[in-house]
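# Analysis of the macromolecular model
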Amino acid sequence: MTSLHSPDLAARSLAALWHPCTQMARAAVTPPLAIARGEGPWLFDLEGRRYFDANSSWWVNLFGHSDAGIRAAITHQLETLPHVMLAGCTHAPAVELAEKLAALTGGALGHAFFASDGASAVEIALKMSFHSWRNRGLADKREFVCLRNGYHGETIGALAVTDVAVFRDAYDPLLMRAHIVESPDARQDPDAEARALADLRRVLAERRGHVAALIIEPLVQCAAGMAMHEPSYLRAVRALCDEFEIHLIADEIAVGCGRSGTFFAFEQGECGWPDFITLSKGISGGTLPLSLVLTTETVYQSFWSEQVGRGFLHSHSYTGNALACAAANAVLDRFAADQVLEKNRAQARLLAEAFAPLASDPRVAHLRQRGMILAFDVREPGERFAERFHLAARAHELLIRPIGGTVYLMPPYLIDAPTAQFLFQAVMATLAEVLDAA
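Rules of the game
Residues numbered from 1 in each chain as written. Predicted model: local features only at pLDDT ≥ 70, side-chain atom pairs only at ≥ 80, totals over all residues. Heavy atoms only, no water. UniProt positions renumbered as here; feature names shortened; annotations may be inferred. Pairing = 2+ DSSP bridges. Helix = DSSP H or I, 4+ residues; strand = E, 2+ residues; numbered from the N terminus. Axes fitted to C-alpha atoms, helices over the stretch in contact; angles between N-to-C directions. Patch = residues over 30% accessible without salt bridge, like charges linked within 9 Å, V, L, I, M, F, W, Y side chains within 5 Å. Areas by Shrake-Rupley, 256 points an atom, 1.4 Å probe, with all protein chains shown as cover. Salt bridge = Lys/Arg side-chain N within 4 Å of Asp/Glu carboxyl O. Buried < 20%, exposed > 50% of the residue type's maximum accessible area, 1.4 Å probe, protein only. Contact = heavy atoms within 4.5 Å. Polar contact = N/O pair within 3.5 Å; in protein donor to acceptor, adjacent residues only side chain to side chain. Left-handed = near helix turned anticlockwise from the far one by under 90°. Nonpolar A, V, L, I, M, F, W, Y, C, P; charged D, E, K, R; others polar. Core = buried A, V, L, I, M, F, W, Y, C linked by side-chain atoms within 4.5 Å. Domains from an automatic or database assignment. 1 Å grid on protein atoms, 1.4 Å probe; cavity = no way out; pocket = protein on both sides within 12 Å on 5 of 7 lines; lining within 4 Å. Phe/Tyr/Trp six-rings, centres within 6.5 Å; stacked < 30°, edge-to-face > 60°. Lys NZ or Arg CZ within 6 Å of the ring centre and 35° of its normal.

Looking up the protein chain in an unreviewed UniProt entry gives the name Adenosylmethionine-8-amino-7-oxononanoate aminotransferase, with the organism given as Acidovorax soli. Quoted verbatim from the Pathway (unreviewed entry) field of the UniProt record, the comment on the protein chain reads "Cofactor biosynthesis; biotin biosynthesis; 7,8-diaminononanoate from 8-amino-7-oxononanoate (SAM route): step 1/1."

### With respect to the sheet that holds strand β12 (residues 291–295)
Taken in spatial order, the seven strands line up as β4-β12-β11-β10-β7-β5-β6 in an open sheet, and their pairing is mixed. Whereas interior strands pair on both sides, the edge strands pair on one side only; in this sheet they are β4 (110–115) and β6 (179–181). Neighbour-to-neighbour, the strand axes of this sheet turn through a mean angle of 20°, independent of strand direction. With three bridges connecting them, strand β10 (residues 247–251) and strand β11 (residues 276–279) associate as parallel partners. Looking across to β11, one finds that Ala 250 is bridged to Ile 277.

### What to know about a nonpolar patch on the surface
A cluster of nonpolar residues, Ile 156, Tyr 171 and Leu 174, forms a patch on the protein surface that exposes about 320 Å² of accessible area. You can see Ile 156 is positioned in helix α7 (residues 156–160). The partly exposed category is assigned to Ile 156, whose relative accessible area is 42%.

### With respect to the UniProt feature "modified residue: N6-(pyridoxal phosphate)lysine" (unreviewed entry) in the protein chain
Look at the UniProt record and you will see "modified residue: N6-(pyridoxal phosphate)lysine" (unreviewed entry) annotated at Lys 281. Its place among the elements puts Lys 281 in the loop between β11 and β12. The contacts of Lys 281, once residues within four sequence positions are left out, are Trp 58, Trp 59, Val 60, Ile 253, Ala 254, Gly 286 and Leu 290. Polar side-chain contacts of Lys 281 include one of 3.2 Å to the backbone oxygen of Trp 58.

### Some thoughts on the packing of helix α5 (residues 92–104) against helix α12 (residues 322–337)
Two elements in contact, α5 and α12, have axes whose closest approach is 8 Å; the angle formed by their N-to-C orientations is 35°. Here α5 and α12 pass one another in a crossing that is left-handed. Here α5 contributes Pro 93, Ala 94, Glu 96, Leu 97, Lys 100, Leu 101 and Leu 104 to the contact with α12, which in turn contributes Ala 322, Cys 325, Ala 326, Ala 328, Asn 329, Leu 332 and Asp 333. For the contact of α5 with α12, the residue count by class is 10 nonpolar, one polar and three charged.

### Concerning the nonpolar core
Ranked by internal contacts, the top residues of the largest apolar core, which has 95 residues, are Met 226 and Phe 355. Counting only domains with at least three residues in this core, you end up with domain 1 (33–66 + 340–437) and domain 2 (68–338). Counting residues in hydrophobic clusters, the runner-up holds 25 residues, among them Phe 113, Cys 146, Phe 303 and Phe 312.

### Overview of the UniProt feature "binding site: substrate" (unreviewed entry) in the protein chain
The UniProt record marks Trp 58, Tyr 151, Lys 281, Ser 315 and Arg 401 with the feature "binding site: substrate" (unreviewed entry), using the residue numbering of this structure. The annotated residues occupy 344 residues of the chain and do not converge on a single region, their most distant C-alpha atoms lying 33.2 Å apart. As for the annotated residues named above, the ones lining the second largest pocket are Ser 315. Structurally, the position occupied by Ser 315 is in the loop between α11 (297–301) and α12. Given a relative accessible area of 61%, Ser 315 falls into the exposed group. In this structure, Arg 401 sits in the loop between β15 (398–399) and β16 (406–409). Given the relative accessible area of 39%, Arg 401 is considered partly exposed. The residues touching Arg 401, leaving out its near neighbours within four places in the chain, are Cys 21, Asn 55, Trp 58, His 390 and Tyr 408.

### What about the packing of aromatic side chains?
In total, this model carries 15 aromatic pairs according to the counting rule given. Relative to Phe 312, the ring of Phe 303 lies with its centre 5.8 Å away and its plane at 75°, an arrangement referred to as edge-to-face. Taken together, the ring pairs connect Phe 63, Phe 263, Phe 264, Trp 273, Phe 335 and Tyr 413 into an aromatic cluster. Directly above the ring of Trp 42 sits Arg 50, whose terminal nitrogen or CZ lies 3.6 Å from the centroid. Its guanidinium or amino end placed over the ring of Trp 133, Lys 141 lies 4.5 Å from that ring's centre, counting from NZ or CZ.

### Focus on the side chain of Asn 61
Mapped onto the secondary structure, Asn 61 falls in the loop between α3 (56–59) and α4 (68–78). Note on Asn 61: relative accessible area 1%, which makes it buried. At 2.7 Å, the side chain of Asn 61 forms a polar contact with the backbone nitrogen of Gly 64. Setting aside residues no more than four positions away along its own chain, Asn 61 makes contact with Ser 56, Arg 259, Gly 285, Gly 286 and Pro 412.

### Section: the pairing of strand β5 (residues 143–147)
Counting buried positions along β5 yields five of five residues, so the element is predominantly enclosed. Going residue by residue along β5, you find Glu 143, Val 145 and Leu 147 tucked away on one face and Phe 144 and Cys 146 tucked away on the opposite face as well. Sheet topology note: the β5/strand β7 (residues 211–216) ladder contains three bridges and is parallel. Looking at β7, one finds that Glu 143 is bridged to Val 211. Pairing between β5 and β6: three bridges, direction parallel. Each residue of the ladder has a partner; that of Cys 146, found in β6, is Ile 180.

### Overview of the environment of Asn 135
Secondary-structure assignment places Asn 135 in helix α6 (residues 118–135). By relative accessible area, which is 9% here, Asn 135 ends up buried. A C-alpha to C-alpha distance of 15 Å links Asn 135 and His 210, two positions 75 residues apart in sequence. Setting aside its immediate chain neighbours within four residues, Asn 135 contacts Ser 302, Phe 303 and Arg 310.

Here it is, written out as structure tokens:
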């Protein structure tokens, strides 16, 4: 008979699964939390205890768990067409989703190419960039530039433009060599942006004619500990990419879909659009795996040919899955009909007001916020801080996973004043407990 008790299911999970982003030897000491169901911002374990999903289940959930509108869209699609291959066929959910996303860019970007996850979308953008230059007779433009401490995924191509040692180092011998330039991380010093731009200009000048693209996470480098920079950096980067005639890839997998305060984070640069945008995570509202790449007409036309080899021959079996596209359409319909971005600005203010006392707390530094992303750094976190904080928070009805010594919240868009205060009190109680025990 199937076990329905948390300790039993956790033990079975450890025996049967290889959990992601997990050292399994540690998981044996700190077993996974067995979740039975979700409702709104809350997750419930098998004994009925609840936990506020403060990190939106790895930044994917927008409107809460088991959202009625998204669930209805998936159910309707399931009853008509769950999936058909997108090579040689098409279907309404994919077409409608691509049209809506292009409209959100004012038609500057489009030609949506679908994939399953964020790293795959990055792989597609990298391949498209190189292949586009090659098709235009510029095959020497095959190098990529990325930012210090940037993160773009863990497949081989995406990992090559990632600079997070814990993910990259073991596989470094397998990776192509990217140029890593300084980050505009505002925590470093007031001149971080200027220094980063000077370093970028240096690399682009030295490798002129060889660089295909620069890839960035607009406004927030999430895996770097929610390192934030100003929109002015986006304007300067767009200008440099134009000057040196390279593509700009905006990796919006984490920061898109309203997280930063606008639907696309890059919008806040007010400098036009990048040559590629990658989206995933929130696009399906935390329900089904889906990612995509949007690009320009210029890039698209560079592949237009009767020669098969000049086409973009990338695919996977579930490309443009109808169920996932239906979920994503429901997400975009919610943005259009429910003033989500305006409501998010109000919710972001509630979070800022609730966490304002941290600005003068001597235990923390760099309290910062960009839209619905709020973070702070613990000055003396001690050993295994993230693990200890995560475990202690459960007792305070909080599911949260710090990054190193950075505590952050990226909650579903369901914040009212009492919820913001609950989050502040739960974080403070957890912080006190963890630091007092260190």
